[in-house]
Amino acid sequence: METGTRWLSPEQQVAWRAYLLGTARLMAKLDDDLRRFGLGINDYEILVRLSESPERRLRMADLADRLHQSRSRLTHTVGRLEAADLVRRTSCTSDKRGVWAELTESGFALLEQAAPYHVEGVRENLVDLASSEDFAAVGRVFDSVSEHIGQR
């Protein structure tokens, strides 16, 4: 029976499964490495995004979009980071409904400690395993994926 399904070729299936397993293992390793700083990979990404933003702050809605997280999940995570004095939430004066997430000084100090260790883990477990051409290809592929899915 013809279904019209475009099944993956054996080579594509091998690559797809390698991606799934490799991504899961990489994210688990990076997450585990950050635990020595009391952070998980999602916490770390929040601190990074805030550190890269003007005045080290972003609206919660913008932060959720940049991290591709639900607003409720982000609210919960930021609440934990706030309890640890790494992030602070403040009301937006120009829009009473808006809330800023701001990186605190202690949050920035922790990020400065964790970042070199995290980057070394990214290098050791991904970047240094690929040629520069292959790594650039990965970037192009996932830029295309992000653009394609982001258009829907």
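Calculation notes
- Residues numbered from 1 in each chain as written.
- Predicted model: local features only at pLDDT ≥ 70, side-chain atom pairs only at ≥ 80, totals over all residues.
- Heavy atoms only, no water.
- Helix = DSSP H or I, 4+ residues; strand = E, 2+ residues; numbered from the N terminus.
- Polar contact = N/O pair within 3.5 Å; in protein donor to acceptor, adjacent residues only side chain to side chain.
- Contact = heavy atoms within 4.5 Å.
- pLDDT = per-residue confidence, 0-100.
- Pairing = 2+ DSSP bridges.
- Axes fitted to C-alpha atoms, helices over the stretch in contact; angles between N-to-C directions.
- Buried < 20%, exposed > 50% of the residue type's maximum accessible area, 1.4 Å probe, protein only.
- Phe/Tyr/Trp six-rings, centres within 6.5 Å; stacked < 30°, edge-to-face > 60°.
- Lys NZ or Arg CZ within 6 Å of the ring centre and 35° of its normal.

Novice: Explain the side chain of D31 to me, and be specific about the residues and the numbers.
Specialist: Position of D31 among the secondary structure elements: in helix α1 (residues 10-34). For D31, the side chain forms a polar contact with the main-chain nitrogen of I41, separated by 2.7 Å. If we ignore the near neighbours within four places in the chain, the residues touching D31 are L39, G40 and I41.

Novice: Help me get a handle on the confidence of the model for the chain, residues and values and all.
Specialist: On average, residues of the chain score 93 in pLDDT, and 96% of them are at 70 or above. Per-element mean pLDDT across the chain ranges from 92 in helix α3 (residues 60-67) up to 98 in helix α5 (residues 105-125).

Novice: Tell me about the sheet that holds strand β2 (residues 87-91), and please be specific about residues and values.
Specialist: Strand order in the open sheet made by the 3 strands is β1-β3-β2, with antiparallel pairing throughout. A strand with exactly one partner marks an edge of an open sheet, and here the two such strands are β1 (57-59) and β2. Neighbour-to-neighbour, the strand axes of this sheet turn through a mean angle of 25°, independent of strand direction. Examined bridge by bridge, β2 and strand β3 (residues 99-103) share 5 bridges and lie antiparallel to one another. Within β3, the residue paired with T90 across the bridge is W100. Strands in contact with helix α2 (residues 41-51) are β1, β2 and β3; relative to β3, the strand with the most contacts, it is inclined by about 95°.

Novice: Help me get a handle on the environment of H148, residues and values and all.
Specialist: Within the secondary structure, H148 sits in helix α6 (residues 132-150). Residue H148 is classed as partly exposed on the basis of its relative accessible area of 42%. Considered as a pair, H148 and L39 are 109 residues apart in the sequence and their alpha carbons are 31 Å apart.

Novice: Break down the environment of K29 for me, with residues and values.
Specialist: Looking at the secondary structure, you find K29 in helix α1. Taking the relative accessible area as the measure of exposure, K29 reaches 36% and is therefore partly exposed. Put simply, K29 and N125 are 96 residues apart on the chain and 8.5 Å apart in space, counted from C-alpha to C-alpha.

Novice: I'd love a proper account of the packing of aromatic side chains, names of residues and values included.
Specialist: Within the structure shown, the criterion is met by 3 aromatic pairs. A ring pair is formed by Y19 and F142, whose centres lie 5.6 Å apart and whose planes are at 25°; its orientation type is stacked. Of this pair, Y19 sits in helix α1 while F142 is found in helix α6, placing the two residues 123 residues apart along the sequence. Ring geometry for F37 against Y117: centres 5.7 Å apart, planes inclined by 65°, an arrangement best described as edge-to-face. On the criterion of sequence distance, the pair formed by F37 in the loop between α1 and α2 and Y117 in helix α5 is long-range, its members being 80 residues apart. On the basis of relative accessible area, F37 is assigned to the buried category, the value being 19%. The exposure class assigned to Y117 is partly exposed, which follows from its relative accessible area of 34%. Through a chain of ring-to-ring contacts, three or more aromatic side chains come together here, namely W16, Y19 and F142. The ring of F108 has R56 lying over it, and the distance from NZ or CZ to the ring centre is 3.5 Å. Over the face of the ring belonging to W100 we find R57, whose NZ or CZ atom lies 3.9 Å from the ring centre.

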